[in-house]
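Notes for the structure review
Here is how the chains run, residue by residue.
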Amino acid sequence: MRQILIVGGGYAGFYAAWKLEKKLRRGEAEVTLVDPRPYLTYQPFLPEVVAGSVEARHAAVSLRRHLRRTRIVAGKVTAIDHAHRVVTVQPADGETFELGYDLIAVTAGAVTRTLPVPGIAEQAIGLKHVEEAVAIRDRLLTAFDRAAALPAGPQRQKLLTVTFVGGGFSGVEGFGELLSLATALLKRYPELHRDELRFHLVEASGRILPEVTDRPGRWVVRELERRGAHVHLDTRVVSAENGHVVLSTGEEFDAGLIVWTAGNGANPVISRHTDLPVDERGYLVVRPDLRVEGVIDAWAAGDDAAVPDLASPVPGTRTVPNAQHAYRQGKLLARNIIATLRGRELKPYVHHSLGAIATLGLGRGIFQYRRLVITGLPAWLMHRGYHVLAVPTWERKIRVLAVWLTQALFGRDILSLASVQHPRDAFVGAGLTAAGEARPDQPAKGLASIAQVLPAAGKVPEIR
């Protein structure tokens, strides 16, 4: 029985495994999928997770629940040796090990592109995974609570200042949704004023949303500025040390929250740790039918592959690395792998764009298909309708719709659970007296403090 190995459980990998399960005959092949996360992240929902419009768990699809005939390996592929048909896997715990295969499909995706800007590595949060979206939301909600207890001044202003770096779809949607949330929060915080909010969107090029044409892009800038945002075009972040943001224009300000969405970069496993052919950017070179160029039994799709765009009139164009393509490439990948096993003809990947659509906050959006542009509430409704249909499985669709209905009736949930990111702080820092009782005036600092208290008490406190 042939062994099919899928590297990565994102859109392309998940859909490839899902379709292979449905189409493979019994005993025809076994499928193994390797990914460090036990779920697929539906990234178009991350901006709405930031705003609290979608529950974090509903933006993730469990691999084990929906891939019932696929072997799931929890680990990170650190090297691909196709000459010997083996990959090296690093699990979260334990030693690295090797997995053999007969046929490999590389769908590891891209990584967040970072630049050597001082302070970014220490201060910024990305927006590529569910946990990052949750952290951004909780950070803003906690900042409002802290700012409301402070007098007007630099410290309060820093807490109410947010900076997004990167004007692509991820950055603009996250920025618009967080701005919408912050504006709505002001009604619950009479201590704070609208003019104290400082939202900065920094983009190195001369426009945002490169997937739409110039005129709709300029409309988005005007819409964000009308809502009080500061959009900095042709501007780079020079430094962000200790939250002090310095722009290439000379402008400086303190920001309590910095979000980095400045595009994607090549996955280091693909660009540096494989013998498969890659292009100058570090992406796998593939044919239109998704086979890796020049080798046999190797396939690739999604954001780590340079897939020829046969729908483009410009020769040599590659498909844009987005969910719209990865989802369809994953399904074609499964179809072509099965065709190879059965000696059938392969099908090339051709997909004509359905247009570009983005949310800019509750009730606000933009859609463009060729020369047709729709803005405002209709575009926002189209965004929600498209993505609730596109998110995998009916179970997730129903859960997301239920949350949207609840919000329509009761409004936004503005509860912050930032403390869950440090669940042991309350336990470790509770503080104990020599008699084993709580001492609220002097909380203990860590496990070392508890260890120092217990010997002094002469006995271990009774556990009831």
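Residues numbered from 1 in each chain as written. Predicted model: local features only at pLDDT ≥ 70, side-chain atom pairs only at ≥ 80, totals over all residues. Heavy atoms only, no water.

An unreviewed UniProt entry lists the protein under the name NAD(P)/FAD-dependent oxidoreductase, with Amycolatopsis melonis as the source organism.

Remarks on helix 8 (residues 214–226)
For helix 8, which comprises 13 residues, the first-to-last C-alpha distance of 18 Å matches the rise-based estimate of 18 Å (1.5 Å per residue) to within 8%. Turning to helix 8, its buried residues number three or more, namely Pro216, Gly217, Val220, Val221, Glu223 and Leu224. Looking straight down helix 8, one finds its buried side chains confined to an arc of 165°; they lie on one side. The outward face of helix 8, more than 90 degrees from its buried face, is lined by the exposed residues Arg215 and Arg226. For helix 8, the elements touching its buried residues are helix 7 (169–185), strand 13 (198–202), strand 14 (230–232), strand 23 (356–361), strand 24 (364–369) and strand 25 (372–375). Immediately beyond the C-terminal end of helix 8, within one or two residues, lies Gly228, with a positive phi of roughly 100°. (Helix = DSSP H or I, 4+ residues; strand = E, 2+ residues; numbered from the N terminus. Expected span 1.5 Å × (residues − 1). Buried < 20%, exposed > 50% of the residue type's maximum accessible area, 1.4 Å probe, protein only. Arc of directions from axis to C-beta. Contact = heavy atoms within 4.5 Å.)

Remarks on the packing of helix 5 (residues 130–148) against helix 7
Running from N to C, helix 5 and helix 7 point in directions that differ by 25°, and their axes come no closer than 11 Å. Taken together, the axis directions place helix 5 and helix 7 in an arrangement best described as roughly parallel. By crossing handedness, the relation of helix 5 to helix 7 is classed as right-handed. Counted together, Ile136, Arg137, Leu140, Leu141 and Phe144 of helix 5 and Leu178, Leu181, Ala182 and Leu185 of helix 7 form the full contact between these two elements. For the contact of helix 5 with helix 7, a count of residues per class yields eight nonpolar, no polar and one charged. (Axes fitted to C-alpha atoms, helices over the stretch in contact; angles between N-to-C directions. Parallel < 35°, antiparallel > 145°, perpendicular 65-115°, else oblique. Left-handed = near helix turned anticlockwise from the far one by under 90°. Nonpolar A, V, L, I, M, F, W, Y, C, P; charged D, E, K, R; others polar.)

Side note on the pattern of salt bridges
Overall, the coordinates contain 15 salt bridges when judged by the stated rule. For Glu395, the salt bridge goes to Arg65, with nearest N and O atoms at 3.7 Å. Taken together, the positions of Glu395 in helix 12 (residues 394–410) and Arg65 in helix 3 (residues 63–66) put the pair 330 residues apart, joining distant regions of the chain. Judged by relative accessible area, Glu395 falls into the buried class, the value being 17%. Residue classification places Arg65 among the partly exposed positions, given a relative accessible area of 43%. Here Asp297 makes a salt bridge to Arg85, at a shortest N to O gap of 3.4 Å. Taken together, the residues Asp297 in the loop between strand 20 (284–285) and strand 21 (298–300) and Arg85 in the loop between strand 6 (76–81) and strand 7 (86–90) connect sequence positions 212 residues apart. Residues joined in a network through salt bridges with shared partners are Arg65, Glu395, Arg396 and Arg399. (Salt bridge = Lys/Arg side-chain N within 4 Å of Asp/Glu carboxyl O.)

Considering the side chain of Asp303
Relative to the helices and strands, Asp303 is located in the loop between strand 21 and strand 22 (305–306). The buried charged residue Asp303 lacks any salt bridge, with Lys128 as its nearest oppositely charged partner at 4.9 Å. If sequence neighbours within four positions are ignored, Asp303 has contacts with Gly109, Ala110, Asn264, Tyr283, Pro321 and Asn322. (Lys, Arg positive; Asp, Glu negative; His and termini not counted.)

Observations regarding the nonpolar core
Core analysis: the largest hydrophobic core is formed by 109 residues, its most contacted members being Ile80, Phe144 and Leu178. Residue contributions to this core peak at 10 residues, all from helix 5. Not counting residues within four places of it along the chain, the set of residues in contact with Phe144 comprises Leu160, Ala182, Leu185, Leu186, Tyr189, Leu192 and Leu197. Of all hydrophobic cores here, the second largest spans 13 residues; its members include Val117, Ala240, Leu247 and Phe253. (Core = buried A, V, L, I, M, F, W, Y, C linked by side-chain atoms within 4.5 Å.)

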